[in-house]
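Summary of structural features
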Amino acid sequence: MQIIISNSSKEPIYEQILKQIQTAILSGELAEGDALPSIRQLAKDLKISVITTKRAYEELEKAGFIYSIVGKGSFIAEQNLEVIREKKLRVIEEQLSAVISNSKEIGLPYEELQELLKLLYEE
Amino acid sequence: MENVIELHDVSKSLKAFTIHNMDLQIKQGYVTGFIGANGAGKSTTMKLIMNLLQPDNGEINVFGLDYASHEKEIKNRIGFVYDSNIFYESLNLKDISRIIAPAYTHWDQQQFKAYVNQFDLPLNKPMKKFSKGMQMKASIAMALSHDAELIVMDEPTAGLDPTSRRELLDIFQEVMVDGKRTILFSTHITSDLDRIADFIVLIDEGEILIDKPVYELQEQYAVVKGSNELLDADTEVYFIKIERSPNGFQALTKEAAKVRGVFGKHVVIEEASLEEIMFYMKGARNLYG
Amino acid sequence: MANLIRRDLIIQKYQLYLFIPFILFFIFAGSHMSAFFIFVFAGFFIPINAYSYDEKVETNILLNSLPYTRTQIIASRYIGAIFYMAVSIVITTALFYVFNRPFTWADIAIGAGITLTLFSFSFPLFYLLKPGNIGTAVTIGFILFVVLSGPTVMFFEEYLTPVVDFLMNVSSFAIYLSGAGIITALYAISWIISQIIYQRKTF
């Protein structure tokens, strides 16, 4: 798994790690039971502080993505991908509804919206 | 044991300044960066921790032990680096290591040689012919070669070129991997800390102004820029120190979330660097203190 | 503790090469001097030279950051001084023997006694002095010593030799014992004073 940290990004470093590991889990790159690098090893490899990686792992654990065993390290937890997918879908639905109501407000026809969406999706 | 170093209510009066009722805890397994202007009390605090100075009042514990009855045991577990050369100037590194090595119960000659090679240090050249950077590296090699659990460093990167500084930071991260060690590291080159520090302690005039994990600093502190009309008695309370100019103000806040809520898009909010925090905090003290 | 004492040898590696020529110089050039006088020089050389390395603040920071206590640092100085004085006197005695210079056991005893007395006075004084001043103090002391050594030697020749002879003749066990007792007490008091001074020092 590759993790790439940007120091100039507005997003806090722990969030960057969090998101990249999440993405790796959701895309199936990391599967249940896979071991993550230790907090300290990852900190050293990414040249960032220990407490930052620790925070990322803690958040992942809270969200149920990983679990930790004292003395052994952190592992990918069992994921109910169906459920996660459904949740994501619901979020997408909500966001699209907002887009549609905004479009209607300015009288943007469906075809143009579709065109715009297509353009952005392929970007 | 969670804290490696504990200062309770420590006071010390020196000619130049005083430390008043200082409380400080340094957490085990982390890198704590100790920052402050020159003469803020960093070295004095380090000396108190090393028992080179004894407090007038209060208690200092290292590894949960006190110096009065466990001085040797404590120091056996500490590696130290000072900002000036404390080794005999006429001796070469080999002879100095022959003096230092037997003092420690866990001296690791292999490890020492490995660092000497890595740092490219000559063994047969007298210390006084070493450059400042070489002296610092020699000192670090010795501090890291006896399995110390606590590494206390006073300005270890002073006098080093950028390449050497990076090299050292890599080594510090490497020794932190097993989680047994703790580093306390004073510096006024705050960019060294951006990368490796877990906790930041800011000291000024013998008083600790900030003691927080880095992410809290990043979340809470911010530099805010906006136009002067936005400032009034109600809004100024959010700022630690405000700098005004005819073209607008710049200020430091430690309530970034609130400021975002109050001013919204009318101001620019940027993450505050350690340098900016240091600068504004000191400015605020000069204003009110 | 042994490490602290051994340290003096490592620090003085090069000066030690000077030691034997230094003593030989006294044996040959100082033929007018009493033998005990040379023993004083010999016994004084290494411990005082070692001390001059310890005067620096930096050295004290180093020693106090290593796993040693202040009590040990002072103890190593006092025990080391006796040890190096003893070794120096043994070497000097051997040189005397090799080069056929006459001496008596009394010379050794008195030499050692004077040396220890000098240590007793100089160590606490040095711990009191500000770092950087000890070199000056030693230099001034040495110049005074050279300037005064002529008259002093004459004085010793005149008065002390009879005293020595007196001690030799009357030499009862009691006189030696009380001499040794006084010097031991002096050394012990000096040790305690140095200890108190050093305990309070700030670096």
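Calculation notes
- Residues numbered from 1 in each chain as written.
- Chains lettered and ligands numbered in written order.
- Predicted model: local features only at pLDDT ≥ 70, side-chain atom pairs only at ≥ 80, totals over all residues.
- Heavy atoms only, no water.
- UniProt positions renumbered as here; feature names shortened; annotations may be inferred.
- Helix = DSSP H or I, 4+ residues; strand = E, 2+ residues; numbered from the N terminus.
- Contact = heavy atoms within 4.5 Å.
- Buried area = accessible area lost by both parts, 1.4 Å probe.
- Salt bridge = Lys/Arg side-chain N within 4 Å of Asp/Glu carboxyl O.
- 1 Å grid on protein atoms, 1.4 Å probe; cavity = no way out; pocket = protein on both sides within 12 Å on 5 of 7 lines; lining within 4 Å.
- Points joined across faces, edges and corners; volume = space filled by probe spheres on them.
- Nonpolar A, V, L, I, M, F, W, Y, C, P; charged D, E, K, R; others polar.

Looking at the UniProt feature "domain: ABC transporter" (unreviewed entry) in chain B
When the UniProt feature table is mapped onto this chain, "domain: ABC transporter" (unreviewed entry) is found at residues 5-230 of chain B. Secondary structure over residues 5-230 of chain B splits into 34% helix and 29% strand, and the C-alpha atoms at its two ends are 44 Å apart.

Some points on the UniProt feature "transmembrane region" (unreviewed entry) in chain C
Residue and element names in this part refer to chain C. According to UniProt, the feature "transmembrane region" (unreviewed entry) maps to residues 16-46, 78-99, 105-129, 136-156 and 176-198 in the numbering used here. Helix makes up 95% of residues 78-99 and strand 0%. Its end C-alpha atoms lie 31 Å apart. Span residues 176-198 is 100% helix and 0% strand, its end C-alpha atoms 32 Å apart.

Examining the interface of chain A and chain B
Across the boundary between the two partners, chain A contributes 14 residues, which contact 20 residues of chain B. Between chain A and chain B, roughly 1,400 Å² of surface is buried when both sides are summed, and carbon and sulfur atoms account for 54% of that area. Ranking the residues of chain A by area buried against chain B places A:Arg40, A:Lys47 and A:Ile51 at the top, with a combined share of 48%. Where chain A packs against chain B, one counts 2 salt bridges. Salt-bridge contacts for A:Lys47 lead to B:Asp170; the nearest nitrogen and oxygen are separated by 2.8 Å.

Things to note about empty space enclosed by the protein
In this approach the atoms are scanned with a rolling probe the size of a water molecule, which exposes any empty space left behind. Taken as a whole and assessed by the stated rule, the structure comprises 4 cavities of 30 Å³ or more. If you add up the space inside the second largest cavity, you get close to 70 Å³. Lining the second largest cavity are A:Arg40, A:Ala43, A:Lys44, A:Ile48, A:Ser49, A:Val50, B:Val31, B:Phe172, B:Gln173, B:Met176, B:Ile196 and B:Asp198. Sorting the residues of the lining of the second largest cavity by element identifies helix 2 (39-46) of chain A together with helix 6 (162-176) of chain B as the ones contributing at least two each. Looking at the lining of the second largest cavity, its residues break down into 7 nonpolar, 2 polar and 3 charged.

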